[in-house]
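The residues making up each chain are set out below.
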2 protein chains.
Amino acid sequence: MAEKKYDALKLENQLCFPLYACSRQIIKKYHPFLDELNLTYTQYLAMMVLWERHTISVKELGNQLFLDSGTLTPLLKSMEKKGYLTRKRSGEDERILLVSITEAGETLRDRAVDVPAKMTGCVNLSPEEAAELYRLLYKILS
Amino acid sequence: MAEKKYDALKLENQLCFPLYACSRQIIKKYHPFLDELNLTYTQYLAMMVLWERHTISVKELGNQLFLDSGTLTPLLKSMEKKGYLTRKRSGEDERILLVSITEAGETLRDRAVDVPAKMTGCVNLSPEEAAELYRLLYKILS
DNA sequence: CTCAATTCGATTGAGTACAATTTAATTATA
DNA sequence: TATAATTAAATTGTACTCAATCGAATTGAG
C-alpha cells in the first residue's frame, strides 16, 4: 500500500511552487529586451505605472505593484540617477514623496512599446488559456 | 478616439505581473507557518525535495527548483548550520556535492505536514480553478 | 489646543536571485 | 597520453524583497 501521509508535501502537489518558478522563468526572458532600455523587470513595472500616471506617491505606487518602501526607495533612487524620474516631497503633506516621470522617461516609452509583442512568443499558451490564467491570478490577488 | 498605441504597456494588460505579484503574496502567507519550522519558503521547497530524495546533488536540486548554485550554495550552507542536512563531495566524482537529509530534517517533516492544509484557505479558488491554474503554469514551465 | 495614535518614507539586516567568472575535476580528442 | 573542452560548485557583484524599526509630519479624541 502506498504511503500517503506526506503526499501534500510533495513538490508536484504544490500550487505556489509553479507560480513562483513560472514568474522567475518569464522575468528571465525579459532580460535581453529590458537590458536595451537599461531597466530591470521591477523598474520596468514602475515605468508602466509612471507612463500612465506621470506623478504618483511612493505609497500609491507600492499599492499598485504590491511592493513596500524597503523595495521602492532604493529602486526609485536608482531610476532617478538614470534620469527617468524625479523625487520631490509634496507641499501639501511633507510625509508624501511624489515621483514624477521625466522627458527621458517619456522617451523610453517608444522604445519599450515593442517589448510586450516580443515577449508573447515566450509563453506558449493559446489566447484563451492566457485569458483564463489572467483571470485566475487576479482572483487570487483580489 | 482612444489612444491605443501604448495599450500593450499598461500594467493591467500584462500576464507576467500578476504571476509575479501572486507568487510573492502567497509566499508571504507562508511566513507564519514556516517561521515555526525555522524555514524560509525557498528552504521549505528544498526540504520537500529532500524528504522525497534523501540524497541529491546540488545540480539536480537546482534542476528541480529552477535555481542555480549562486542561490543554492548559501541556502544549503545555512540549512546545514541548522542541522537539517549535510553536504559532502561525491567519492565517484569530486565535482559533485551531495546534499543529504539528517534525522532532524526528517523529524521536521511531521511538523510540516499540516502546512499545505493551513495554506489552502489562503487561496480562494475552487478545486477546479486550482487544477486549471496548475495545468496552465506547468504548460508554461515545460 | 494637545498629546497620543497614525501615516509615510527611509533605513537596516537577512535572505534570496541570477549573471558572470573562477577553480577543480572529469571527459573527449587529436 | 597530453591537452582541450566540458562540467559542477563556489564566488563575486548587483539588485531586489520584505520584516522590523525609526523619525518626521499629520490627524484626531478629549
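Nothing here was measured: the structure is a model prediction, and the numbers come from that model.

Participant: Mind showing me how you'd approach the interface of chain B and chain A here?
Facilitator: How big an interface is tends to be expressed through the accessible area that disappears when the partners come together. Of the residues lining the interface, 54 residues belong to chain B; the matching set on chain A comes to 54 residues. The junction of chain B with chain A conceals about 5,700 Å² of combined surface from both sides, 70% of it contributed by carbon and sulfur atoms. Inspection of the chain B/chain A interface yields six salt bridges. A salt bridge links Glu129(A) to Lys139(B); the nearest nitrogen and oxygen atoms lie 2.8 Å apart.

Participant: Is there a simple way to think about the side chain of Ser23(A) in this case?
Facilitator: As for its position among the elements, Ser23(A) is in helix H1 (residues 16-35). Take Ser23(A): its relative accessible area is 3%, and that puts it in the buried class.

Participant: Just checking my understanding: could you explain the packing of aromatic side chains for this structure?
Facilitator: By convention here, two paired aromatic rings are described through the distance between centres and the angle between planes. All chains considered together, the criterion is met by 12 aromatic pairs over all chains. When the ring of Phe66(A) is compared with that of Phe17(B), the centres are 6.3 Å apart and the planes differ by 40 degrees; the resulting orientation is tilted. Within this pair, whereas Phe66(A) is found in the loop between helix H3 (58-65) and helix H4 (69-82), its partner Phe17(B) is found in helix H1 (residues 16-35), the two belonging to separate chains. Residue Phe17(B) is classed as buried on the basis of its relative accessible area of 2%. Taking 4.7 Å as the distance between ring centres and 45 degrees as the angle between the ring planes, the aromatic pair formed by Tyr134(A) and Tyr138(A) counts as tilted. In this pair, Tyr134(A) and Tyr138(A) are both assigned in helix H7 (residues 127-141), four residues apart and thus about one turn of the helix distant.

Participant: What am I meant to see in the relation of the copies chain B and chain A here?
Facilitator: A rotation about some axis, followed by a shift along it, carries one copy of the chain onto the other. At an RMSD of 0.1 Å, chain B and chain A line up after a rotation of 180 degrees and a shift of 0.0 Å along the axis. In the structure described here, the two chain copies are related by an operation that fits a two-fold rotation axis. Here 100% of the interface residues in chain B have copies in chain A that are interface residues too; the copies meet face to matching face.

Participant: Which parts of the structure should I look at to understand the protein's contact with DNA strand C?
Facilitator: In the vicinity of DNA strand C, 28 residues are found, and the nearest of them are Tyr20(A), Lys59(A), Thr73(A), Arg87(A) and Gln43(B). Of everything in DNA strand C that lies within 4 Å of the protein, sugar and phosphate atoms constitute 78%. In this structure, Arg95(A) approaches DNA strand C through a side-chain N or O atom, which is 3.1 Å from a base oxygen. When residues of the surface near DNA strand C are traced back to their parent elements, those giving at least two are H1, H3, H4 and strand S2 (85-89) of chain A together with helix H2 (41-53) and helix H4 (69-82) of chain B. With four residues, H4(A) is the single largest residue contributor to the surface near DNA strand C. The class makeup of the residues in the surface near DNA strand C is seven nonpolar, nine polar and 12 charged.

Participant: What is the right way to look at the protein's contact with DNA strand D in this model?
Facilitator: Of all residues adjacent to DNA strand D, which total 28 residues, the nearest are Thr40(A), Tyr20(B), Lys59(B), Thr73(B) and Arg87(B). Taking all atoms of DNA strand D within 4 Å of the protein, the share assigned to sugar and phosphate is 76%. Thr42(A) places a side-chain nitrogen or oxygen 2.8 Å from a phosphate oxygen of DNA strand D. Within the side chain of Arg89(B), an N or O atom sits 3.2 Å from a sugar or linking oxygen of DNA strand D. Mapped by element, the contributors of at least two residues to the surface near DNA strand D are helix H2 (41-53) and H4 of chain A together with H1, helix H3 (58-65), H4 and strand S2 (85-89) of chain B. With four residues, H4(B) is the largest single contributor of residues to the surface near DNA strand D. A breakdown of the residues in the surface near DNA strand D according to their chemical character gives seven nonpolar, nine polar and 12 charged.

Participant: How should I be thinking about H3(B) in this particular structure?
Facilitator: Spacing of three or four residues puts side chains on the same side of an α-helix, whose turn is 3.6 residues. All names here are of chain B. Taken together, the buried positions of H3 are occupied by Val-58, Leu-61, Gly-62 and Leu-65. For H3, the angular spread of buried residues about the axis comes to 100 degrees, placing them on one side. Downstream of H3 by one or two residues, Phe-66 has phi in the positive range, about 60 degrees.

Participant: Quick question: what am I supposed to make of unusual backbone geometry here?
Facilitator: Where the residue is not glycine, phi is negative for most of them; where a peptide bond is considered, it is trans in most cases. Residues and elements named next belong to chain A. Notably, His-54 is not glycine yet its phi reads approximately 65 degrees, a positive angle. With respect to the helices and strands, the residue His-54 is situated in the loop between H2 and strand S1 (55-57). Residue classification places His-54 among the partly exposed positions, given a relative accessible area of 39%. Phi at Phe-66 is positive, roughly 60 degrees, even though this residue is not glycine. Residue class for Phe-66 comes out partly exposed when judged on its relative accessible area of 26%.

Participant: Where do I start with the packing of H2(A) against H4(A) in this structure?
Facilitator: Helix-helix packing: each pair is described by the crossing angle between the helix axes and the interaxial distance. All names here are of chain A. For the pair H2 and H4, the least separation of the axes is 11 Å and the interaxial angle reads 75 degrees. With respect to their mutual orientation, H2 and H4 come out roughly perpendicular. Two secondary-structure elements touch here, H2 through Thr-42, Gln-43, Ala-46 and Met-47 and H4 through Leu-75, Ser-78, Met-79 and Lys-82. By residue class, the composition of the contact of H2 with H4 is four nonpolar, three polar and one charged.

The rules behind these values
Residues numbered from 1 in each chain as written. Chains lettered and ligands numbered in written order. Predicted model: local features only at pLDDT ≥ 70, side-chain atom pairs only at ≥ 80, totals over all residues. Heavy atoms only, no water. Contact = heavy atoms within 4.5 Å. Buried area = accessible area lost by both parts, 1.4 Å probe. Salt bridge = Lys/Arg side-chain N within 4 Å of Asp/Glu carboxyl O. Helix = DSSP H or I, 4+ residues; strand = E, 2+ residues; numbered from the N terminus. Buried < 20%, exposed > 50% of the residue type's maximum accessible area, 1.4 Å probe, protein only. Phe/Tyr/Trp six-rings, centres within 6.5 Å; stacked < 30°, edge-to-face > 60°. Least-squares fit on C-alpha atoms with pLDDT ≥ 70 in both. Near = heavy atom within 4 Å. Polar contact = N/O pair within 3.5 Å; in protein donor to acceptor, adjacent residues only side chain to side chain. Nonpolar A, V, L, I, M, F, W, Y, C, P; charged D, E, K, R; others polar. Arc of directions from axis to C-beta. Axes fitted to C-alpha atoms, helices over the stretch in contact; angles between N-to-C directions. Parallel < 35°, antiparallel > 145°, perpendicular 65-115°, else oblique.

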